[in-house]
Amino acid sequence: MIYFIALSAIISLIGLAAAAAAQETSLSVFGLALFAFGVLFALLQVKQHFDAKDAARH
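Residues numbered from 1 in each chain as written. Predicted model: local features only at pLDDT ≥ 70, side-chain atom pairs only at ≥ 80, totals over all residues. Heavy atoms only, no water.

K.L.:
Describe in detail the packing of aromatic side chains, supporting the description with residues and values.
P.N.:
For the structure shown, the criterion picks out two aromatic pairs. Seen from their ring centres, phenylalanine 37 and phenylalanine 41 are 5.9 Å apart, and the 25 degrees between their planes marks the pair as stacked. Linking phenylalanine 37 with phenylalanine 41, this pair stays in helix H2 (residues 25-57), spanning four residues, or about one helical turn. Taking relative accessible area as the criterion, phenylalanine 37 reaches 48% and is therefore assigned partly exposed. One aromatic cluster is present, built from ring pairs that chain together Phe4, Phe37 and Phe41. (Phe/Tyr/Trp six-rings, centres within 6.5 Å; stacked < 30°, edge-to-face > 60°. Helix = DSSP H or I, 4+ residues; strand = E, 2+ residues; numbered from the N terminus. Buried < 20%, exposed > 50% of the residue type's maximum accessible area, 1.4 Å probe, protein only.)

Here you go:
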């Protein structure tokens, strides 16, 4: 799980860098979308971890 969170952090940083360096609106939107995907993917990984931990407890 930690590897996927690290990967999503890298993807998010690439997205922010792309949005910051964008000269056109479309690349800026793509960078922000990539950032949002990375953050949401990391949060989903954390949620799945705690859901599995909770399911094992019951």
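K.L.:
Would you mind going over the pattern of salt bridges in detail, with residue names and values included?
P.N.:
All chains considered together, the criterion is met by two salt bridges. Put simply, lysine 47 and aspartate 51 hold a salt bridge, and the shortest N to O gap is 2.6 Å. A residue pair is termed a helical-turn pair when its members lie 3 or 4 positions apart in one helix, as lysine 47 and aspartate 51 do in helix H2 at four residues. Of the residues examined, lysine 47 reaches a relative accessible area of 48% and is grouped as partly exposed. Residue aspartate 54 pairs with arginine 57 through a salt bridge whose shortest N-O separation is 2.9 Å. Residue aspartate 54 and its partner arginine 57 are located together in helix H2, separated by three residues, close to a single helical turn. The exposed category is assigned to arginine 57, whose relative accessible area is 66%. (Salt bridge = Lys/Arg side-chain N within 4 Å of Asp/Glu carboxyl O.)

K.L.:
Talk me through the side chain of serine 8; I want residue IDs and the actual numbers.
P.N.:
Inspection of the secondary structure puts serine 8 in helix H1 (residues 2-21). Residues contacting serine 8, with those up to four places away along its chain left out, are Gly38, Phe41 and Ala42. (Contact = heavy atoms within 4.5 Å.)

K.L.:
I'd like a description of a nonpolar patch on the surface, backed by residues and values.
P.N.:
Where nonpolar side chains cluster on the molecular surface, the patch consists of Leu13, Leu16 and Leu32 and spans about 280 Å² of accessible area. Relative to the helices and strands, leucine 13 resides in helix H1. You can call leucine 13 exposed: its relative accessible area is 58%. (Patch = residues over 30% accessible without salt bridge, like charges linked within 9 Å, V, L, I, M, F, W, Y side chains within 5 Å. Areas by Shrake-Rupley, 256 points an atom, 1.4 Å probe, with all protein chains shown as cover.)

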